[in-house]
Structure formats: structure tokens, C-alpha cells
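Listed below, chain by chain, are the residues.
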Amino acid sequence: MKRYRDFIAATFAYAIFWIATRWPAIAANVLLLDDFELPFRPSDFYVGPFRPTLYIEYVLFELIVPHHFWMPLTKYVGALYIGIAAALFMRLLRAWDIDPLLAALLPLVVFANPVLNDGPIWNTYYNLPIAYALITAGAIAWTRGRKLSFFLLTALGILGYQIFLTLAVIYAIAEPVIRRRFRLREFIERMAILAGCIAVQLIVTALIRRFHAYSDPRGFTASLDPMRQLHGAVDLLVNGWMPVIAYYTGALRAMSLWKYLPIIFGAATWLTTRRIWPALFAAAIFIIPALPNLALDRAPFSWRVSAPEAFAIALALVPLLCRVPRVAAIIVIAALTVVMVPVAYYESWCRAESWRRDEALTSAIRQRDHTVVLAAINPEKHEEVALIGPHDLTWGFARRSSRMWTEFNDPWMAKRYVENYARLKFIDCNETPSVPFCAGNTLACEGNRSDVAIDYPRAVHDDARKITIVCPRGVRESEEGHVGRLPH
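These remarks concern the structure in this document. The written sequence of each chain sets the order in which its residues are numbered from 1. Residues qualify for local features only when their pLDDT is at least 70, as the model is predicted, and side-chain atom pairs are given and counted only at 80 or more; totals for whole chains, interfaces and linings, by contrast, use all residues. The side-chain numbers reported here are obtained from all heavy atoms of the structure, hydrogens and water having been left aside.

### Remarks on helix α5 (residues 73-95)
The first and last C-alpha atoms of α5 sit 33 Å apart over 23 residues, in line with the 33 Å expected at 1.5 Å per residue. Think of it in three bands: with a 1.4 Å probe and only protein chains considered, a residue is buried below 20% of the maximum accessible area for its type, exposed above 50%, and partly exposed in between. Put simply, DSSP H or I for four residues or longer makes a helix, DSSP E for two residues or longer makes a strand, and each gets a number counted from the N terminus. Among the 23 residues of α5, 18 are classified as buried, and the element is accordingly described as predominantly covered. Following α5 by one or two positions, D97 has its phi on the positive side, about 70°. Here a helix's expected span is defined as the number of its residues, less one, multiplied by 1.5 Å.

### Focus on the pairing of strand β1 (residues 371-374)
Side chains T371 and V373 project from β1 onto one buried face, and the interleaved V372 and L374 project onto a second face that is buried too. Alignment of β1 against strand β6 (residues 467-471), held across 4 bridges, turns out to be parallel. Counterpart to T371 in the pairing with β6 is I467. Two strands are counted as paired when DSSP detects at least two bridges linking them. Where β1 lies against strand β4 (residues 426-428), 3 bridges are found, and the strand directions are parallel. Across the sheet, residue V373 finds its bridge partner in β4, namely I427.

### Examining the packing of helix α16 (residues 276-284) against helix α17 (residues 307-321)
Note on method: axes are straight lines fitted to C-alpha atoms, helices fitted across the in-contact stretch only, with angles between N-to-C directions ranging 0 to 180 degrees. The N-to-C vectors of α16 and α17 enclose an angle of 155°; their axes lie 8 Å apart at closest approach. Looking at the two axes, α16 sits roughly antiparallel to α17. Viewed along their axes, α16 and α17 form a crossing whose handedness is left-handed. Only L315, A316 and P319 of α17 make contact with α16, whose side of the interface consists of P278, F281 and A282. For this scheme, ten residues count as nonpolar: Ala, Val, Leu, Ile, Met, Phe, Trp, Tyr, Cys and Pro. Four count as charged, namely Asp, Glu, Lys and Arg, and the remainder, Gly too, count as polar. Counted by class, the contact of α16 with α17 contains 6 nonpolar, no polar and no charged residues. An angle below 35 degrees is treated as roughly parallel, one above 145 as roughly antiparallel, one from 65 to 115 as roughly perpendicular, and anything else as oblique. Crossing handedness follows the turn of the near helix against the far one: under a right angle anticlockwise gives a left-handed crossing, and clockwise gives a right-handed one. What makes two residues a contact is simply this: any of their non-hydrogen atoms within 4.5 Å.

### Some points on the pattern of salt bridges
Salt bridge criterion: a side-chain nitrogen from Lys or Arg within 4 Å of a carboxyl oxygen from Asp or Glu. Counted according to the given criterion, the structure contains 22 salt bridges. For the salt bridge of D118 with R304, the shortest nitrogen-to-oxygen distance reads 3.1 Å. Here D118 is found in the loop between α7 (107-111) and α8 (129-143), whereas its partner R304 is found in the loop between α16 and α17, with 186 residues between them in sequence. Taken as a pair, D118 and R304 share a single burial class, namely buried. The salt bridge involving E347 is made with R351; its shortest N-O contact spans 2.9 Å. Here E347 and its partner R351 are both found in helix α18 (residues 326-368), 4 residues apart, which amounts to about one turn of the helix. Classification of E347 as buried rests on a relative accessible area of 0%. The class of R351 is buried, set by a relative accessible area of 1%. Salt bridges sharing common partners tie together E37, R41, D44 and R416.

### Some details on α16
Along an α-helix, residues three or four apart share an orientation, since each turn contains 3.6 residues. Listed as buried for α16 are P278, A279, F281 and A282. Buried positions in α16, seen along its axis, are confined to an arc of 160° and lie on one side of it. Those residues of α16 hidden inside the fold are in contact with α10 (165-179), α15 (260-273) and α17. What the arc measures is the spread of directions leading from the helix axis to the C-beta atoms.

### Topic: the sheet that holds β6
Judged by pairing direction, the sheet is mixed, and its 4 strands sit side by side in the order β4-β1-β6-β5 without closing on themselves. With one partner strand each, in any of the chains shown, β4 and β5 (458-462) form the two edges of the open sheet. The mean angle between the axes of side-by-side strands here comes to 20°, regardless of whether they run parallel or antiparallel. In the sheet, β5 pairs with β6 via 5 bridges, with the strands oriented antiparallel. If you follow H461 over to β6, its bridge partner there is T468. Relative to β5, α18 is tilted by about 5°, and along the sheet it contacts β1, β5 and β6. Packed on one face of the sheet, helix α19 (residues 411-421) meets β1 and β4 and runs near 170° to β4.

### Digging into the state of the cysteines
Criterion for a disulfide: a pair of cysteine sulfur atoms within 2.5 Å. Following the criterion strictly, the structure yields 2 disulfides and no others. Bridging C429 to C438, the disulfide has an S-S length of 2.0 Å. Here the S-S torsion is close to -95°, and the disulfide linking C429 with C438 is therefore left-handed. Comparing C429 with C438 shows no difference in burial state: the two are buried. Here C445 is linked by a disulfide to C471, with a sulfur-sulfur distance of 2.0 Å. Between C445 and C471, the disulfide has an S-S torsion of -75° and is therefore left-handed. Here C471 lies in strand β6 and C445 lies in helix α20 (residues 441-445), a separation of 26 residues in the sequence. Of the residues examined, C445 reaches a relative accessible area of 5% and is grouped as buried. Using a relative accessible area of 0% as the deciding quantity, one classes C471 as buried. With its bonded cysteines labelled in order along the sequence, the protein shows the pairing 1-2, 3-4.

### Side note on the environment of W405
Checked against the element boundaries, W405 lands in the loop between β3 (398-399) and α19. Between the C-alpha atom of W405 and that of E446, which follows or precedes it by 41 residues, the distance is 22 Å. Beyond its immediate sequence surroundings of up to four residues, W405 is in contact with L32, R351, S354, R357, E383, W395 and R400.

### Structural notes on the packing of α8 against α10
Interaxial distance between α8 and α10 falls to 10 Å at its minimum, and their mutual angle equals 40°. In this structure, the crossing between α8 and α10 has a hand that is right-handed. Counted together, Y132, I135, T136, A139, W142 and T143 of α8 and L167, A168, Y171, E175 and R179 of α10 form the full contact between these two elements. Its residues placed into classes, the contact of α8 with α10 shows 7 nonpolar, 2 polar and 2 charged.

Now the structure itself:
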């Protein structure tokens with residue numbers, strides 16, 4: 001009974017930590033992108049991209065709390081899932097014989113990482129932590145000799161978010177290194193079971209593609225382009241720590257400095273353990289989450305895809321932490337957490353800023369009872385780098401932050417936001433340029449005129465026609481802020 005009480009207490013402690021460190025976006029109940037369409041077609045957004053585990057959770061939540069999706073409650077439930085995942089990670093570390101205090105503190109290094117903002121803060125993915133919670137629970141089951149449970153839990157986790165299979169591989173490599181107990185036969189058996197989980201995922205993918213009207217066409221690349229695939233892999237790899245470096249040093253310097261962190265981890269581990277395998281593990285475990293991008297078409301490298309990198313950073317520290325004095329280990333964990341928390345909080349503030357801008361725009365339009373008309377002046381969906389905010393952040397090798405986001409940069413998103421959520425009439429001049437309301441809109445968007453008190457996007461009221469023309473700038477300056485994606 002005490003063990004369950006401790007687990008519940010840890011779950012809520014980690015959830016509170018998450019809420020406190022992401023408070024600006026949670027307090028504002030930030031919604032964005034697919035959030036405005038998903039409640040109308042949840043199967044398309046969860047089953048179509050091969051995430052049936054998340055769909056089942058969504059359906060159950062909807063049965064308990066109908067029309068829950070846009071409620072602030074959703075983010076708190078997401079925080080609870082984060083707490084469960086963190087408590088399970090703590091349990092996994094204890095199962096690997098890590099010092100109890102270190103096992104309790106090390107999850108902070110994972111869940112302070114800003115890349116995990118791209119999960120429960122975004123309502124579309126509020127339940128994403130279920131995927132890495134299930135995979136972590138599977139790793140615990142393996143450690144306890146429960147191989148069937150390992151298979152079932154890991155398969156369910158991969159069916160929550162397929163690219164997270166790399167987290168299961170990270171655990172498979174980390175356990176023998178951290179426990180200093182490698183058995184070749186056990187490792188081969190574990191990898192064979194993981195291959196079975198992947199086979200289940202591929203079968204489910206084939207069935208969804210056969211019977212679901214809205215299935216994700218992405219998959220393995222048909223023609224290998226080594227440089228493009230390498231760029232995609234490195235973009236994902238660096239997300240684990242480059243945004244943190246960029247926050248403190250600027251994006252350009254971060255794109256050079258990022259490569260020293262694995263070297264530092266490997267060298268420090270060698271100096272403390274004097275053993276080659278822990279040092280190689282500390283320096284190279286970050287490569288594992290990036291490997292799928294070597295084979296995937298349109299290789300993904302969003303922050304949410306990079307979540308296994310956050311776990312890899314924490315696990316890379318373990319061989320070193322287990323050899324240094326306990327006080328020194330606590331200082332290392334505390335220092336990394338303290339360094340990451342301001343970055344996660346800032347990124348959350350950026351999300352709140354972009355959300356408030358769009359809300360202020362639609363509020364101003366609603367007061368006039370106008371139709372929203374999106375001018376066709378940003379066909380390439382450029383974002384305004386000038387809005388990045390007082391600190392740099394990076395996504396892969398691009399300098400950007402969520403403060404640049406607006407629903408009005410993408411006509412598809414704009415339509416769903418305006419019609420479904422703001423309950424206003426909407427005309428997309430990208431789609432229907434011949435509509436009379438679209439006549440003269442490009443001219444109306446020229447210059448710097450704006451009739452709304454926000455910095456982006458601009459909007460011009462036309463009271464005679466009862467329309468408000470929204471002018472996403474998408475100017476060439478946006479391209480100048482984008483740094484080339486060459487792997488430094």
C-alpha cells in the first residue's frame with residue numbers, strides 16, 4: 001500500500017512541477033493549429049495518423065466529460081499524464097538499482113526539457129504522454145521478467161505515437177549499461193520482442209490505410225537522398241538541447257555549440273568511471289531517436305517527435321551520477337533542471353502570446369459583426385521571425401519560436417479557427433479569389449496600415465462591405481531569419 005501511496009504522491013508532485021513550469025500557456029488555455037478541427041473529426045486526427053491508443057483515450061475522456069476538448073481541464077489532464085509518465089520513469093530507475101533520491105530527482109531533467117512543451121500544452125496532443133508512459137511501464141515489466149506485459153505495453157505505446165519506438169530501444173540499451181549486466185541472449189530476445197511490436201504497428205498501419213478514409217500517406221522514403229535524410233536526422237537529434245543553448249547564447253552560436261554536449265557527457269563519464277562502454281553510451285545514446293529519419297520520407301523533427309531525446313539526456317547522465325558523491329550528483333541534476341526551466345517557461349509564454357494575438361484579432365472583428373476575409377498574400381505560409389521574442393529558440397536548424405505562430409498564416413487552419421471556434425464567417429481568397437469580397441484585398445494590405453491593436457497579423461476593416469481583411473505579411477524578411485539546415 002505504501003508503494004502505491006508513494007507513486008500517487010510522486011505523480012501529483014511531477015504534475016504540479018509541469019503546471020508551474022508551463023503556467024503561461026496553461027493559464028491562457030492556449031489552443032492552436034489542429035485543435036480547432038479535431039473535436040469534429042477525432043478519428044481522422046488520431047486513427048488516420050496511426051495513433052489508435054490516443055483515440056481510445058480521447059473517446060473515454062469524451063464519455064466522462066462531453067465536449068471536453070477546448071476546456072482548460074484538458075491541459076490539467078495532460079499534466080496528470082505527464083506526472084504518471086515521470087513517476088513511472090522514477091520507478092524504472094529504482095528497478096535499475098539507482099539511488100532512491102537520484103531516481104526521484106532525475107525525471108526533472110526529462111520533464112523540464114522544453115521539447116516536451118509540444119505535448120499536453122497543445123490540446124491535440126494532451127494525451128501524448130500516455131505513449132511514453134506505456135513504453136516506460138513496458139521497460140519496468142521487462143526488468144521484472146514479465147515479457148508478455150513488456151510486449152503489450154510497448155506495443156500500445158508505439159500505437160500511441162509510432163516514432164517513440166526509439167524510446168523502447170533507448171531503454172533496451174541503457175539497462176545493461178546502467179546495471180552493468182549485459183546478457184547477449186537477453187538483449188537479442190528483447191530486440192526480437194520489439195521487432196514484434198513494430199510488426200503489430202505495421203499491420204495496424206496497413207489496416208488503417210486500407211479501411212480509413214483519412215490515413216496519413218507518410219512513410220518510408222521511396223528514393224534515398226542521403227544528404228536530405230541526414231539533415232532530417234540531425235535536425236531531430238539537436239532538438240534535445242540546442243533550443244536551451246539558443247535561449248542563452250542566441251541561435252547562431254547554438255548551431256555550433258550543440259555538438260560539444262555529447263563530447264562533454266562522454267568525457268566526463270570516462271573520467272569518473274574509467275570504463276569505455278558507459279562513456280560511449282553517454283556520448284552516443286542521442287543518436288538512437290534520430291535513426292528513423294534516415295529512412296523516412298519528409299523526416300519529422302518537431303519538438304514532440306524529439307521527446308525521446310529528453311529521456312536520452314537524463315539516461316546519459318546515470319553512469320556518471322552513480323559514481324560521483326551523492327551531493328555532487330544532486331548538484332548536477334539541479335543545475336540542469338534550473339537551466340532548462342526558464343526555457344520551457346519562456347516557450348510556454350510564447351504560445352500564450354501568439355494565442356492572445358489571434359484572440360484579440362477575432363474579438364475586434366466580432367465587435368463589428370464582420371466577415372473575416374483572408375488575403376491571398378502569403379501562399380508559402382512564411383512566419384514572421386521578427387516576432388520570435390526576446391530570446392532565440394530553435395526547431396532543428398531553424399531559428400523560430402511559438403511566438404511566431406498564428407492561425408492566419410495557414411488558410412486551412414484559419415478557416416477552422418474562425419468558423420469552428422470564433423464562430424465568424426470566413427472567406428479564403430487563396431481558395432476563392434474570384435469572390436467579390438476578395439477584390440482589391442491585396443491593395444488594401446499594402447503599406448503598414450492596421451485597424452487592430454496587435455503587432456501581427458495586420459487587419460483592415462471595410463465597414464462598407466462589412467468585412468475585415470486579414471493581412472498575414474509573409475514578407476521576405478521572414479526568410480532572412482531562417483538559418484540553413486546544414487549539420488554543423
